[in-house]
Amino acid sequence: MRRSTILWFLIATCLGVALFLVKHEVQRREEQLAALHRQILASQEAIHVLEAEWSYLNRPDRIEALVRRHLNLVPLETKRIGSLEMLPMRLPVPDSGDGGTGADGTVPPTLAALPPLPVGRPLVLTREVRR
Amino acid sequence: MKNRSETVRLEGHAKQAIETGRNRLILAGCLVALAFATVGARVIELSAIGDSSEPGVASVDPDAQLTVGRADIVDRDGLLLATSLRTPSLYADPKEVLDAEEAAFRLSTVLPDINPAETAAKLSSDRRFVWLKRNLTPREQQEVNSLGIPGLHFQDEWKRIYPQGPLTAHAVGFTDVDDHGIAGVERSFDDVLRGGRDPLHLSIDLRVQHIVREELLHQITTFSAIGGAGVVLDANTGETIAMVSLPDFDPNVPGQMDPDTLFNRATLGVYEMGSTFKIFNTAMALDAGTATMRSGYDATHPIRIARFTINDDHAKARWLSVPEIFKYSSNIGSVKMALDVGTEGQRAFMAKLGMLRETAIELPERGRPMVPSPWRPINTMTIAFGHGLAVSPMHLVGGVAAVVNGGIRRPVTLLASDIPSPGQRIISQKTSENMRRLMRLVVEEGTGRKADTPGYVVGGKTGTAEKAGGRGGYKHKSLMSSFVAAFPMQDPQYVVLIMVDEPKGTKESYGYATGGWVAAPAVSRIIARSAPLLGVAPVDPESPEIRRDLMIEQPAEGGKRLASF
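Residues numbered from 1 in each chain as written. Chains lettered and ligands numbered in written order. Predicted model: local features only at pLDDT ≥ 70, side-chain atom pairs only at ≥ 80, totals over all residues.

**Structural notes on the overall build of chain B**
Keep this limit in mind: To qualify as a helix, a DSSP run of H or I must reach at least 4 residues; to qualify as a strand, a run of E must reach at least 2; elements of each kind are numbered from the N terminus. Values of the radius of gyration come from C-alpha atoms, whereas the globule rule sets the reference at 2.2 Å times the count of residues to the power 0.38. Two residues form a contact once the distance between their C-beta atoms, set from the backbone, is within 7 Å.
Counting its secondary structure elements, chain B contains 19 helices and 18 strands. Computed over C-alpha atoms, the radius of gyration of chain B comes to 38 Å, more than 25% over the 24 Å expected from 2.2 N^0.38 for 565 residues, which places it beyond the range of a compact globule. Seen through its C-alpha atoms, chain B measures out along the principal axes to roughly 150 × 70 × 50 Å. Partitioning the intrachain contacts of chain B with sequence separation of at least 6 by distance along the chain shows that 70% fall at a separation of at least 24.

**A short note on the overall build of chain A**
Note the following rule: Put simply, a residue is buried when 20 or more other C-beta atoms lie within 10 Å of its own C-beta and exposed when 12 or fewer do; between those, it is partly exposed, and each C-beta is set from the backbone.
When helices and strands are tallied, chain A shows three helices and zero strands. Listed by position from the N terminus, the elements making up chain A come as α-α-α. Burial statistics for chain A: of 131 residues in total, 1% are counted as buried.

**What to know about the packing of helix 10 (residues 278-288) of chain B against helix 15 (residues 393-404) of chain B**
All names here are of chain B. What counts is decided by this rule: The convention used is that axes are lines fitted to C-alpha atoms, helices contributing only their stretch in contact, and that angles between N-to-C directions extend from 0 to 180 degrees. Note on convention: near helix rotated counterclockwise from far helix by under a right angle means a left-handed crossing. Clockwise means right-handed.
Running from N to C, helix 10 and helix 15 cross one another at 35°; their axes reach a closest spacing of 10 Å. For the pair helix 10 and helix 15, the sense of crossing is left-handed. Together, Ile-279, Phe-280 and Ala-283 of helix 10 and Gly-399, Val-400 and Val-403 of helix 15 make up the contact between the two elements.

**Some thoughts on the nonpolar core**
Most often, soluble globular proteins have nonpolar side chains that are buried together. All names here are of chain B. Our working definition: Note on terminology: a nonpolar core is a set of buried residues of type Ala, Val, Leu, Ile, Met, Phe, Trp, Tyr or Cys, with members joined through C-beta atoms within 7 Å. Reported domain spans reflect what an automatic or database domain assignment gives.
Within the largest apolar cluster, 125 residues are counted, with the highest numbers of intra-cluster contacts made by Val-495 and Val-523. Ranked by residue count, the leading element in this core is helix 15, at eight residues. When residues are assigned to domains, this core turns out to be shared by domain 1 (67-85 + 123-202) and domain 2 (210-550), each giving three or more. Counting 11 residues, the second largest nonpolar core, distinct from the first, contains Leu-90, Ala-92, Leu-132 and Leu-136.

**Brief notes about unusual backbone geometry**
All names here are of chain B. For the bond from Leu-246 to Pro-247, the omega torsion is 0°, close enough to zero to count as cis. Note that Pro-247 resides in the loop between strand 7 (240-246) and helix 9 (259-262). Positive phi outside glycine occurs at Ser-224, with the angle close to 45°. Here Ser-224 is to be found in the loop between helix 8 (206-222) and strand 6 (227-234). For Glu-502, which is not a glycine, the phi torsion comes out positive at approximately 55°. Within the secondary structure layout, Glu-502 lies in the loop between strand 18 (494-501) and helix 17 (515-518).

**Structural notes on helix 3 (residues 116-123) of chain B**
All names here are of chain B. Inclusion rule: This arc is built from the directions going out from the helix axis to the C-beta atoms.
Regarding helix 3, the residues found buried are Thr-119, Ala-120, Lys-122 and Leu-123. Considered in projection along helix 3, the buried side chains sweep an arc of 160° and stay on one side of the axis. Exposed and oriented more than 90 degrees from the buried face of helix 3 are Ala-117 and Glu-118. Tucked inside the fold, the buried residues of helix 3 contact strand 2 (80-92), helix 2 (100-110) and strand 3 (130-133).

**Describing the interface of chain A and chain B**
A common measure of how large an interface is: the accessible area buried when the components associate. The condition that has to hold: Gly counts as polar in this scheme, as do all residues outside two lists: the nonpolar Ala, Val, Leu, Ile, Met, Phe, Trp, Tyr, Cys and Pro, and the charged Asp, Glu, Lys and Arg.
On the side of chain B, 24 residues touch chain A, which itself brings 19 residues to the contact. For the side of chain A that touches chain B, the secondary-structure elements that each account for two or more residues are helix 1 (2-57) and helix 2 (60-70) of chain A. When residues in the side of chain A that touches chain B are grouped by element, the largest group, 11 residues, is from helix 1 of chain A. By residue class, the composition of the side of chain A that touches chain B is nine nonpolar, five polar and five charged.

**As for the confidence of the model for chain A**
Caution is warranted with low-pLDDT regions, since their predicted coordinates should not be read in detail. All names here are of chain A. Just so we agree on the cut-off: Across the chain, each position has a pLDDT score giving the predictor's confidence in that residue, from 0 to 100.
Looking at chain A, the pLDDT average stands at 76 and 71% of residues meet or exceed 70. Averaged pLDDT values over the elements of chain A bottom out at 50 in helix 3 (residues 109-113) and peak at 92 in helix 1. In the model, residues 98-103 has pLDDT below 50 throughout and makes six contacts with residues more than four positions away in sequence or in other chains. Long-range and interchain partners of residues 117-131, a stretch whose pLDDT sits below 50, account for six contacts in this model, where long-range means more than four residues apart.

**Quick word on the environment of B:Val43**
All names here are of chain B. With respect to the secondary-structure elements, Val-43 resides in helix 1 (residues 13-49). For Val-43, a count of 10 C-beta atoms within 10 Å puts it in the exposed group. In the structure, Val-43 is positioned 241 residues away from Met-284 in sequence and 85 Å away in space, judged by C-alpha atoms.

**Focus: the domain arrangement of chain B**
All names here are of chain B. When its domains are assigned, chain B resolves into domain 1 (67-85 + 123-202) and domain 2 (210-550). Measuring from the centre of the C-alpha atoms in domain 1 to the corresponding centre in domain 2 gives 39 Å. Tallying the contact residues gives 19 residues for domain 1 and 18 residues for domain 2. Those elements that provide at least two residues to the side of domain 1 that touches domain 2 are helix 5 (169-172) and helix 6 (184-188). In terms of residue class, the side of domain 1 that touches domain 2 is made up of 11 nonpolar, five polar and three charged.

**Overview of helix 8 of chain B**
Residue and element names in this part refer to chain B. Put simply, the rule reads: What a helix is expected to span follows from its residue count: subtract one and scale by 1.5 Å.
In this model, helix 8 (17 residues) spans 24 Å end to end at C-alpha, consistent with the 24 Å of a helix rising 1.5 Å per residue. Helix 8 sits mainly inside the fold: 12 of its 17 residues count as buried. Leu-206, Val-208, Gln-209, His-210, Ile-211, Val-212, Arg-213, Glu-214, Glu-215, Leu-216, Gln-219 and Ile-220 are the residues of helix 8 that are buried. One or two positions beyond helix 8, positive phi appears at Ser-224, with a value near 45°.

**Here's the deal with the environment of B:Ile332**
All names here are of chain B. Relative to the assigned elements, Ile-332 resides in helix 12 (residues 331-341). The class for Ile-332 is buried, based on 25 C-beta atoms found within 10 Å. For the pair formed by Ile-332 and Asp-313, sequence separation is 19 residues and the distance between their alpha carbons is 10.0 Å. Aside from chain neighbours lying at most four places away, what touches Ile-332 is Ala-299, Pro-302, Ile-303, Ile-310 and Asp-312.

The structure is reproduced here in structure tokens:
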């Protein structure tokens, strides 16, 4: 009788303590969750503000003024746009076994013996400010 | 335990009392047992059986999502056009304010734009709540706080911000101080924006919008015009890629806008468009079969009707073929073409093109066309060259898109959509192809040569209309010069319209202020700058395929008619 009473009493105490601990833990985590939610909201609001600022700073007229001041970019000319078909024919590769460059990266002697290809004039972009 | 057998016998009152006690004890025991049984059953139910209504996994609190006040408006690439930010607003409880005069004076030192006398009056009023200033900056809030005046409070409010400023002012519109849309898309989609979290996607392309605005502004400044409109439309879907009306305003500073700048010339203004209407006139005659690409009309003599004389600006005074009538923008020839179709045919065609009703564009600012009533033969004659029927630039662009895209009219829209509307056929594919040829001819050889853009096969039509004056007459000095173009003409993708209001000729334009001088160069520059952004690949206009697509048989210059006529 007494032994079983003590056993039950112990079990009840253990359960009580465990329940208390679990409840405490849940409360702590709920607080943590709420804090995280608040943090997420604050971050989202900050992102929102930053997005607005980003768009404000990326206004096309502002970008254009900055480009004119700091870069040599000019509007794309039509003649600079091409397609693959517009490229000249590829040079026929003699003894086409390995296709141009050797496996070790060296130019095969047959290609190296050819006269050097004409080098295109370097592109010069002038600071062409329209109007 | 050994005393158990020795039963105590009690008699009388004592026995009675013990019996009662026992009964009560049993009753109490039963109640307690019942209570424990209930608790036990509940414990078993909760732990073992489980509640199906309880979610198995913890879910995110819906309140944790950001409330944005009013949904954003973005362009077709998702760039912000309008957004809402939370800003503090200053209000006061006059009952708590100790010294209204002093408080007002001190406030005016940190908020320079409030009036001390007015504020003092507000602070000494009998109410419990007065707004002092809406939407403060964080710095202003800090300064007001550091004044330490009792009775002043802040309340967070949503403020609508337009990061792009005036660039999309007329399309996006603006809201009042209480966040109700009062113009543009803000007004037409007020309910959607107020309720929704998802941004509203417009069909506007911010980059093209900027290009159009800049080029239009340049033309307006160069030719000292009073305003203008520019529209770029996707010819195959009816989506508005750019819509500019100048002068414009900054929607971020409400209340300080000049009413003149609020006027949307692109959709609300209705104008007699002039020669650009010959696109519709020619398409109508070709589609009705009353004229073919090979037929011609006598444009030797001006037409006199009632008190009017219809003359040609670029008079050739000879027989003109249909392509020549279009190329030289002959009024006489156009009138004769319209008369062949007839008044009823013309009215029906204009109705099919949507020229007699408001456009479908999602804006509250939509101009109602000024339609002649009754539609007399004289109206038929003037409408042939674009007078007598006033429509908005949006009408014109929508109509031209239908004429060049193969003959399908789709409602013009400001919203980006994946599925274009099926549309309604208004002219045959063949007529549409002929119109492409004619419009290309105008740019190659006619009045629109300044619109040519290498690589993009531009076709178009000039228009120079005299604005209607006071008493039914026309003001010869105030013009409405326009150019409407489509590109690339072998397979039109986009329609561009530039319209300049009351340009004055300059030395560079030899005093001319016509569509060919004022609007066409801007169209050319807009196409050259925006076509790469819109993904239109340049082609060689001299290539045989394009030559074949856009070829027209023409009589030789000099008046000799070909035998084939």
